[in-house]
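So the chains spell out like this:
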Amino acid sequence: MAAIKYYKSFFWCIIILLGSIIALHARTSLVSLPSRQDVAMRLENLKTTLVQEKRILTLKKGINKIDFSWQNVMIDPESILLQTLSNPKTISILSVSYPPGEAALVWDIHSPVDLEEEVIISYLLANIDGIVTYQAVSDPVEQTIDLKSFLIIRNFSGENFDKITTYLDNKSPFITTISHLETKRILVSQKQNIPIQKKYTWDALKMPHEPEKSKTAVGIPTSYELKTAFLKGKVRLFQDDRQGGTLFLGEDMSQFTPKGDTSNLRIGDSRDIVVTQHRIDTKRSNIKRNTKNNIQVYDEILKDQIIMENLKDAPVTLSLIETIPGQWEPVDISMDYTLKDHKTLVFKVRLLAKEKKTLDMHYRVLNIFTQKFSRYNRVSN
Amino acid sequence: MRKKTIYLILFAMVISLLPVLPAVAKIDLVTLTDRESVQTTIYNKADLTLVRDKRVLNFVKGMNLLQFSWANTKIDPTSLSLEMKKESDKIDVVDITYPPGAKDVGIWRIKADQACRVPVEITYFTSGISWKSYYIALLSEDQKTCSLKGYVKVTNLSGEDYNNAQTRLVVGKINILDKISHLASLQYPYGRPEHISAESDLRNIYKKGMRKLDAAQPMMAMESAMAAPKPKAIQKQGLSEYFLYTIEGTETIPNGWTKRLLSFKADTVKVNNIYKYEADRFGENVVRFSTFTNTLENNLGETPLPGGEIKVFHSIDKNGKLAFVGSDTTKYIPVEKKAELNLGNTSNVKIIPKVMAYAKKNIIFDNKGNVSGFDEVKTYEIQLSNFTGMSSTIEYTKNLDSSHFNISAMSHPDEFEKTDQDTIKFTIHLSPNSHQSIGFTLTTLRGERRWQQ
């Protein structure tokens, strides 16, 4: 008997608990009116979700009070907008009132006659958003990639959406279902054969100059350059492995890239291209002194040697970036370069398979101030 | 007690039930599928393994639900991908849902134009499986060559058993934004929007692993009945910036177990022994380095060698007696590049640098009569002694405190090298049990002397 009593109590506890949960469950309702006809979610802004729902209001002649409330969901009350669709010229929204201490508002709507009015209610809903991820597969020779774009909808808003039309952009809406606490990943677009260019970049400001002295192997950042539109999102890159599968090459975060602009996606590091840089010589000249014999200004003549080795079985093009701050002039620089700005030299070096090349940079840094104006030895923007 | 981990269940359902994915009442269970084959691609620089799981599924016409669950594993749910290997024009993977209230579960909606039986491939990332390489080098009696064996060791702590899996190992450094172990541990696969508001275990693992290995025995027995057993070969292939090692056949590595495989064996690798003295790096010690080059002439050179620990032994006699020489950790060694092993300090080679003469010259004064600069002149004698009983290469490197210097009166000008603006090096070959001295004069310009042109 005690056991039965115990289970009875337990049963009622569960009923009460379930009742509480149901009572707490999210609701967005328009009092005394049919529920929403159609609902859309716009994720163009990804972080902020705009929900738009269509409802049919049965309006009586005169002023109608329409109660819109939202419990256990986070709606920005100042974002709520009601637009009349059927009779926008005759229906007037007179005022909006927010009752104290409630997640609700009341519209006063005037109608000249009894009628049914289709309206759109729009609002910004929190705790639901979209994020974008990409999956790219390059061909075995790394000339093109196939790109899949996925939208991930994360719904923690407290609201269940049944058949919601979802817009990531204005072009291709799709209908989906998303419940509270649910996450859903949807393939939204596929592009094939996008040309890519593989890039190796060695920047003297960022990379160690003597990789052989480094305790771990030094890799040169390697990336794919491509022209295609991206939203900000994680891109996972794979390559056809010629064995019927793929190899994961690495991942990077794409930034927003408009159509026609260029993106760089880093895949990983190349450890088969080795760059070593040494300063071979430093000489000073044109030393000027003040009356106290203190040095005021001088020139420096520098010799740097950069050795590049391609240990791969295939040719590569290496972008080598050197920075010379201040006022400078070349004396003898053994390879062609382009100036990215006054201090940044970019060398595009083609290295055949197993080839080793040496770049000798002989240049003069002019008018180096020692004292009062030494801050002008570097050029500010 | 852990429960079984990865499950794949295929449901067929009428479309009208779709809005209530989590409440899967009235769903007909069509098939409970097993793996056809599985491939693991294990990365050693990131705690990441790409698993490719092949199965054959029966789809009914209309909407199908495929539930994939992975409790007690370290799978990254954001990496889950499903691909049809046939009939991909008739079957559409609509979406994947991570239902509320159910951790480690994903449900794919798959729309089929007709009933069909299709091979599919499910891929995902998991953490917890790792591999490393290591080497054993056995120096010959004359220490001019060594035999080198490379091993790979795979450890599975992923929570999942991978039976008879094709195993591939990746050498290289990929760019990765998030740790897979972190992604696997998240309560919600993609997170959530910013809110506005013991020993017995080991025994169990051991028993479980033994069962898995026993289960794999019949296949191994069949293979061994057909041919004499031999170590598995490892195929090597370059892809993008990485090298892919594919282990011959399949491997069963139960969760909690480690397996070691021979990666390569090179019998005669030419070794150079170099004794280095560089006070800035090694203090006042002579350090022994052994070098070898990753080339075809050394029976290596087909692929880069992944970084790993290398233990060096010395063969003392022909009866197999060995002495441990030392160990070091090598970096990744590209093809045709030299591996340099630091085998520690040695007393068999002595390098004693001495300043035999010292002078201050060309002293200059400023307007007030104070010393403003001078030349510091040091005459060095570096005494080298080789007690190794073998010809040895000795490298003496000196890092200078200024780039304003000159060297004169060199005894070994042909062995001299200025490696950069403030580093000099002498490389000398010494015959067994011999001595030599290097002499040179170093003049360093101090103070205002540095500015005199």
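Sequence order as written defines residue numbering, which begins from 1 separately in each chain. Whichever chain is written first becomes A and whichever ligand is written first becomes 1, with later ones labelled in order. Only residues with pLDDT of 70 or above have their local features reported here, since the model is predicted, and side-chain atom pairs are shown and tallied only from 80 upward, although totals for entire chains, interfaces and linings are computed over all residues. Only hydrogens and water are set aside when side-chain values are computed; all heavy atoms of the structure are taken into account.

Secondary structure is summarised from DSSP: a helix means a run of H or I of at least four residues, a strand means a run of E of at least two, and numbering begins at the N terminus for each. Looking only at helices and strands, one finds 3 helices and 29 strands in chain B. The buried label goes to any residue with under 20% of its type's maximum accessible area, the exposed label to any with over 50%, and the partly exposed label to all in between, with areas taken from a 1.4 Å probe on protein chains only. The proportion of buried residues among the 453 residues of chain B is 50%. Note on areas: Shrake-Rupley, 1.4 Å probe, and residue coverage restricted to the protein chains presented here. Accessible surface, chain B as shown: approximately 22100 Å² in total, 50% of it carbon and sulfur.

What follows is about the overall build of chain A. For chain A, the helix and strand inventory stands at 1 helix and 24 strands. Residues counted as buried form 46% of the 381 residues belonging to chain A. When contacts within chain A are restricted to residue pairs at least 6 apart in sequence, those whose partners lie at least 24 apart make up 69%. Within the structure as shown, chain A displays about 19900 Å² of accessible surface, and the carbon and sulfur contribution to it stands at 54%. Every residue pair with non-hydrogen atoms within 4.5 Å of one another is taken to be in contact.

We now examine the pairing of strand β15 (residues 233-240) of chain A. Residues and elements named next belong to chain A. Buried residues dominate β15, accounting for 7 of its 8 residues. Pairing between two strands requires that DSSP report at least two bridges joining them. Examined bridge by bridge, strand β9 (residues 128-138) and β15 share 7 bridges and lie parallel to one another. Bridge assignment links Val137 to a residue of β15, and that residue is Phe238. In the sheet, β15 pairs with strand β16 (residues 246-254) via 8 bridges, with the strands oriented antiparallel. Residue pairing in the sheet places Lys234 in a bridge with Met253 of β16. Between the antiparallel neighbours β15 and β16 lie 5 residues, among them Arg242 with a positive phi of about 60°.

Residues and elements named next belong to chain A. Topologically, Pro208 is positioned in the loop between β13 (182-203) and β14 (220-226). For Pro208, a relative accessible area of 35% gives the class partly exposed. In this structure the C-alpha to C-alpha distance between Pro208 and Thr276, which are 68 residues apart in sequence, comes to 8.1 Å. Those residues in contact with Pro208 that sit more than four places away from it in its chain are Trp202, Val218 and Val275.

Residues and elements named next belong to chain A. Within the secondary structure layout, Pro77 lies in the loop between β4 (62-71) and β5 (81-84). Assessed through its relative accessible area of 33%, Pro77 is described here as partly exposed. Put simply, Pro77 and Asn310 are 233 residues apart on the chain and 62 Å apart in space, counted from C-alpha to C-alpha. Setting aside its immediate chain neighbours within four residues, Pro77 contacts Trp70 and Tyr98.

It is worth spelling out the interface of chain B and chain A at this point. Each side of the interface is counted separately: chain B has 74 residues, and chain A has 79 residues. The three residues of chain B that bury the most area against chain A are Tyr190, Glu241 and Trp451 of chain B, which together make up 13% of that side's buried surface. Any carboxyl oxygen of Asp or Glu within 4 Å of a side-chain nitrogen of Lys or Arg constitutes a salt bridge here. For the pair chain B and chain A, the interface holds 10 salt bridges. Two N or O atoms form a polar contact when they lie within 3.5 Å of each other; inside protein one atom must be a possible hydrogen donor and the other a possible acceptor, and for residues adjacent in sequence the pair counts only when both atoms belong to side chains. Inspection of the region where chain B meets chain A yields 39 residue pairs in polar contact (both at pLDDT 80 or more). Here the side of chain B that touches chain A gets 6 residues from one element, more than from any other, and that element is strand β6 (residues 75-84) of chain B. A 1.4 Å probe defines the accessible area here, and the buried area is the portion of it lost by two parts on being joined, summed over both.

With the rule as written, the count across this model stands at 42 salt bridges over all chains. Across the salt bridge formed by Glu210 of chain A and Lys213 of chain A, the nearest N and O atoms sit 3.7 Å from each other. Judged by relative accessible area, Lys213 of chain A falls into the partly exposed class, the value being 45%. Between Lys265 of chain B and Asp267 of chain B there is a salt bridge whose closest N-O contact spans 3.0 Å. Of the residues examined, Asp267 of chain B reaches a relative accessible area of 48% and is grouped as partly exposed. Residues joined by salt bridges that share partners form a network here, namely Lys234, Arg236 and Glu251 of chain A together with Asp76 and Asp178 of chain B.

A grouping of Ile93, Val96 and Tyr98 of chain A is seen on the molecular surface, where their side chains present a nonpolar patch of about 250 Å² in accessible area. As for its position among the elements, Ile93 of chain A is in strand β6 (residues 92-97). Patches draw on residues past 30% relative accessible area with no salt bridge. Two like charges within 9 Å are joined, as are two nonpolar side chains (Val, Leu, Ile, Met, Phe, Trp, Tyr) within 5 Å.

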